[in-house]
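Letter by letter, the chains look like this.
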Amino acid sequence: MENRCKFWLPKKSRFCANAALSNSSFCGNHTPRADDQWIPCPIDPSHSVLQENLEGHLKRCPLLKQLKSLNTQPFYQKGVNTGKEGEQEELETLIPTSESFDNVTSEMKRNAVYSLNITEFFDLIKKIESVHDQICKDIKDSYKIPEACGIWIKREIDRKLPFQEKHVTQQASILGNLEEFGVLESSVGNEKCEFVELAENSNGVPAVVEFGAGRGYLTQMLADCYGIRRVFLVERKSYKLKADRSLRQKESLTLERLRIDIEDLNLNAVGSLQGLTYIAIGKHLCGPATDLTLRCCLPNKWNGEQSGVNCYLRGLAIATCCHHLCQWKHYINKKYLTALGISKEEFHAITWFTSWAVDADHGSDLSDITDFKLHLKSIEKEDSSGDTNGVEAIARNMNPIERAKLGFMCKQIIDKGRLMWVKEYGLETQFVKYVPPSISPENHLLVARDVSEF
C-alpha cells in the first residue's frame, strides 16, 4: 500500500489504486504539474497533452488512426454539411467579418446578453414573443405508442437488452409518429408488412439511417417491431454496450456502423446505400447536429456542388435537443429568421435563452405556451435604472416559470425555421411534441415524408 498513488478520489471515497512513480507520491496520471504545461491536442482538442510530449503524442493520438482510415473512405468529405459563408443572407443588416463564422460559446452568448441595456433586453424579448405568436401556432401534442412496439412496452424482449422506461416510451413515440404519418407501416394484424413484401419482390425494404446513433437502441426497436432489414448507424464516438451485437444476430438484417462526424458525411457516396430508399431518424440530436443532418439528407437543396442523387429519402423523424449549442454558421434556415427580423447576434441570444427551458419543475406542461405572455412590465419599471448589472439582475430574478416559458418559445422558433426549410424542399412536414414534458422536457419532433414516394 505504501507504493500506491496518494491521490484521493472523492467520488470513489478511496485513493488511486495505481502505483506511484519512483520519485513521487503520485502515479503518472496524478503527478501535480503546472497548468501551462498542458495544451489541447491539435488532432483532438477534447483532450490535453504535455507540451514536452506533443511531438510523440501526435504520432500515436488515438484519433489519428481513425482520421487516416476516414481519409480513405469515399463518403468522407470534410465539412460537407457544415454550412458556408455563401449562406449569409443579403437581408442581414450586419456585414460579415472573419469572425462571423467562428463558434460562439455559451459564455460569449451570456456576456453578450448581459451587455445589453435594459431597453434593448426588453425589446429583444418582445420580438421573441411577436415572432413566436406569428409562426408557432400549429404545434400539437402527438404522444403515440404504436401497437407494433408492444413487445418493447411489455418487456417481451431479450432480457439482456437494457430497458429504461423513459427512453423506451420516447423511442416508441418517435416510431409511432412515423407510422401515423405514413412513413412506416405496422405488421400487426397482417402476416407480412409492406416492407417484407417489398423485400421479396424488388430491391428490399427501405434502409434506416440513424444519425447520432449512440448505442443504437432506437434502431434496435425499429428492427424488432417493423422488420427493417438494412441499417446504417452514424456516430462519431465509440460506445460500449451497443445494440450492434443484438442487431447482428438477426440473420435477415445488414448493419453498417459509420464512425464519422455528421458534418463530414456525404451520404450519396456510401456504397452500400446506392440506389436505396431510406428513412432518417435521430433521437436527441444535440444543437447543430440537427442542421447537419438535414443538410446531409437533402444536400441538393443547399449545395449545388453535389451533383447526382444516389439514395432517396422516404421520410425522417428527428427529436431535437440542446438548442443552446446551436450556431448561426450551421443553422439551416438563416434566410427565414433574417426575414423575420432576427439578426445573427439575436439568434445567439435566443439560443442562450433556450437553456432556461430546463430550469424549472417539469411536472407541469411548461412547453404548452399557447397564449402565454411574459409579465415583464412591472420588472421593467422597477429596473429602469442605469445599473450596469441591470440585465443580469433582471435575468436572475425572473420567475423560473417565466424563464422556462421564454426558453420553450426560443426552442420552438429555432425548430420551426428548420421545419420550414424542409417544407421548402417539397416534403410534407409536421412539428409535434412527441412525449409529455414529465418524460422529457426535450420533446420536439420534426417529422417529414417525401410525398412522391407514396
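This text gives an overview of the structure that appears in the document. (Residues numbered from 1 in each chain as written. Predicted model: local features only at pLDDT ≥ 70, side-chain atom pairs only at ≥ 80, totals over all residues. Heavy atoms only, no water.)

## Let's talk about the state of the cysteines
Part 1: Inspection of every chain in the model, using the stated rule, returns 0 disulfides.
Part 2: Cysteine Cys5 is unpaired, with the sulfur of Cys27 as its nearest cysteine sulfur at 3.8 Å.
Part 3: For Cys5, a relative accessible area of 1% translates into the label buried. (Disulfide = S-S within 2.5 Å. Buried < 20%, exposed > 50% of the residue type's maximum accessible area, 1.4 Å probe, protein only.)

## A look at the pairing of strand S9 (residues 277-286)
Part 1: Within S9, 8 of the 10 residues are buried, which leaves the element mostly enclosed by the surrounding structure.
Part 2: Strand direction decides the pairing type here: strand S6 (residues 207-211) and S9, joined by 4 bridges, are parallel. Looking at the pairing, Val209 lines up with Ala280 of S9. (Helix = DSSP H or I, 4+ residues; strand = E, 2+ residues; numbered from the N terminus. Pairing = 2+ DSSP bridges.)

## Quick word on unusual backbone geometry
Part 1: Notably, Ser13 is not glycine yet its phi reads approximately 55°, a positive angle.
Part 2: Relative to the assigned elements, Ser13 resides in the loop between strand S1 (8-9) and strand S2 (14-15).
Part 3: Residue classification places Ser13 among the exposed residues on the basis of a relative accessible area of 52%.
Part 4: Although it is not a glycine, Cys322 sits at a positive phi angle of roughly 50°.
Part 5: Mapped onto the elements, Cys322 comes out in the loop between strand S10 (312-321) and helix H12 (334-339).

## Comments concerning the packing of aromatic side chains
Two aromatic rings, taken as a pair, are described by how far apart their centres are and by the angle between their planes.
Part 1: All told, the structure shown has 9 aromatic pairs when counted by the stated rule.
Part 2: Residues Tyr331 and Phe347 carry aromatic rings whose centres are separated by 5.0 Å and whose planes lie at 45° to one another, so their mutual orientation is tilted. With Tyr331 in the loop between S10 and H12 and Phe347 in helix H13 (residues 344-353), this pair connects stretches of sequence that are 16 residues apart.
Part 3: On the accessibility criterion, Tyr331 (0% relative accessible area) is buried.
Part 4: Here Phe347 falls in the buried class, since its relative accessible area comes to 0%.
Part 5: Cluster of aromatic residues (ring-pair linked, three or more members): Tyr114, Phe121, Phe122, Trp352, Phe353 and Trp356.
Part 6: Residue placement shows Arg449 over the ring face of Phe181; its charged tip is 5.6 Å from the ring centre. (Phe/Tyr/Trp six-rings, centres within 6.5 Å; stacked < 30°, edge-to-face > 60°. Lys NZ or Arg CZ within 6 Å of the ring centre and 35° of its normal.)

## Overview of the side chain of Glu210
Part 1: Mapping Glu210 onto the fold places it in strand S6.
Part 2: This buried residue, Glu210, is left without a salt bridge; Arg257 holds the nearest opposite charge, at 7.2 Å.
Part 3: Here Thr219 takes part through its side chain, which lies 2.5 Å from a polar atom of the side chain of Glu210.
Part 4: Residue contacts for Glu210: discarding those within four places in its chain leaves Gly216, Leu218, Thr219, Phe232, Leu233, Val234 and Ile281. (Lys, Arg positive; Asp, Glu negative; His and termini not counted. Salt bridge = Lys/Arg side-chain N within 4 Å of Asp/Glu carboxyl O. Polar contact = N/O pair within 3.5 Å; in protein donor to acceptor, adjacent residues only side chain to side chain. Contact = heavy atoms within 4.5 Å.)

## Re helix H15 (residues 390-397)
Part 1: Of the positions making up H15, those classed as buried are Gly390, Val391, Ile394 and Ala395. Burial along H15 is one-sided: seen end-on, the buried residues are contained in an arc of 130°. Turned more than 90 degrees from where H15 packs its buried face, Arg396 and Asn397 sit exposed. (Arc of directions from axis to C-beta.)

## Here's the deal with the environment of Glu179
Part 1: Relative to the elements of secondary structure, Glu179 occurs in helix H6 (residues 165-180).
Part 2: Assessed through its relative accessible area of 27%, Glu179 is described here as partly exposed.
Part 3: Sequence-wise, Glu179 and Lys144 are 35 residues apart; in three dimensions their C-alpha atoms are separated by 9.2 Å.
Part 4: When residues no more than four places from it in sequence are discounted, the contact partners of Glu179 are Pro146, Ala148, Leu184, Ser186 and Tyr226.

## Comments concerning the pairing of strand S7 (residues 230-234)
Part 1: Counted residue by residue, S7 has 4 buried out of 5 residues, so it is predominantly covered.
Part 2: In this sheet, S7 lies alongside S6 in parallel orientation, the contact comprising 4 bridges. Residue pairing across strands places Glu210 opposite Leu233, the latter belonging to S7.
Part 3: Sheet topology places S7 next to strand S8 (residues 254-258); 5 bridges connect them, and they run parallel. Among the inter-strand pairings, Leu233 is bridged to a residue of S8, identified as Arg257.

## Section: a nonpolar patch on the surface
Part 1: A cluster of nonpolar side chains, Tyr143, Ile145 and Ile153, forms an exposed patch at the surface whose accessible area comes to about 250 Å².
Part 2: By secondary structure assignment, the location of Ile145 is in the loop between strand S5 (140-141) and helix H5 (150-153).
Part 3: Its relative accessible area of 38% is what places Ile145 among the partly exposed residues. (Patch = residues over 30% accessible without salt bridge, like charges linked within 9 Å, V, L, I, M, F, W, Y side chains within 5 Å. Areas by Shrake-Rupley, 256 points an atom, 1.4 Å probe, with all protein chains shown as cover.)

## A short note on the environment of Ala17
Part 1: Locating Ala17 in the fold gives a position in the loop between S2 and strand S3 (38-40).
Part 2: Linking Ala17 and Arg4, residues 13 residues apart in sequence, is a C-alpha distance of 6.0 Å.

## Some points on helix H16 (residues 400-424)
Part 1: For H16, with 25 residues, the first-to-last C-alpha span of 36 Å sits near the 36 Å given by 1.5 Å per residue.
Part 2: Summarising burial for H16: 20 of the 25 residues are buried, a large majority.
Part 3: Phi turns positive one or two residues past the end of H16, at Gly426, with a value near 105°. (Expected span 1.5 Å × (residues − 1).)

## Some details on the packing of helix H4 (residues 118-135) against H16
Part 1: Look at H4 against H16: their axes get within 10 Å of each other, and the N-to-C directions meet at 55°. In this view, H4 runs oblique relative to H16, as classed from their interaxial angle. When the axes of H4 and H16 are compared, the crossing they make is left-handed. Two secondary-structure elements touch here, H4 through Ile125, Ile128, Glu129, Val131, His132 and Ile135 and H16 through Leu406, Met409, Cys410, Gln412, Ile413 and Lys416.
Part 2: Across the contact of H4 with H16, the residue classes break down as 8 nonpolar, 2 polar and 2 charged. (Axes fitted to C-alpha atoms, helices over the stretch in contact; angles between N-to-C directions. Parallel < 35°, antiparallel > 145°, perpendicular 65-115°, else oblique. Left-handed = near helix turned anticlockwise from the far one by under 90°. Nonpolar A, V, L, I, M, F, W, Y, C, P; charged D, E, K, R; others polar.)

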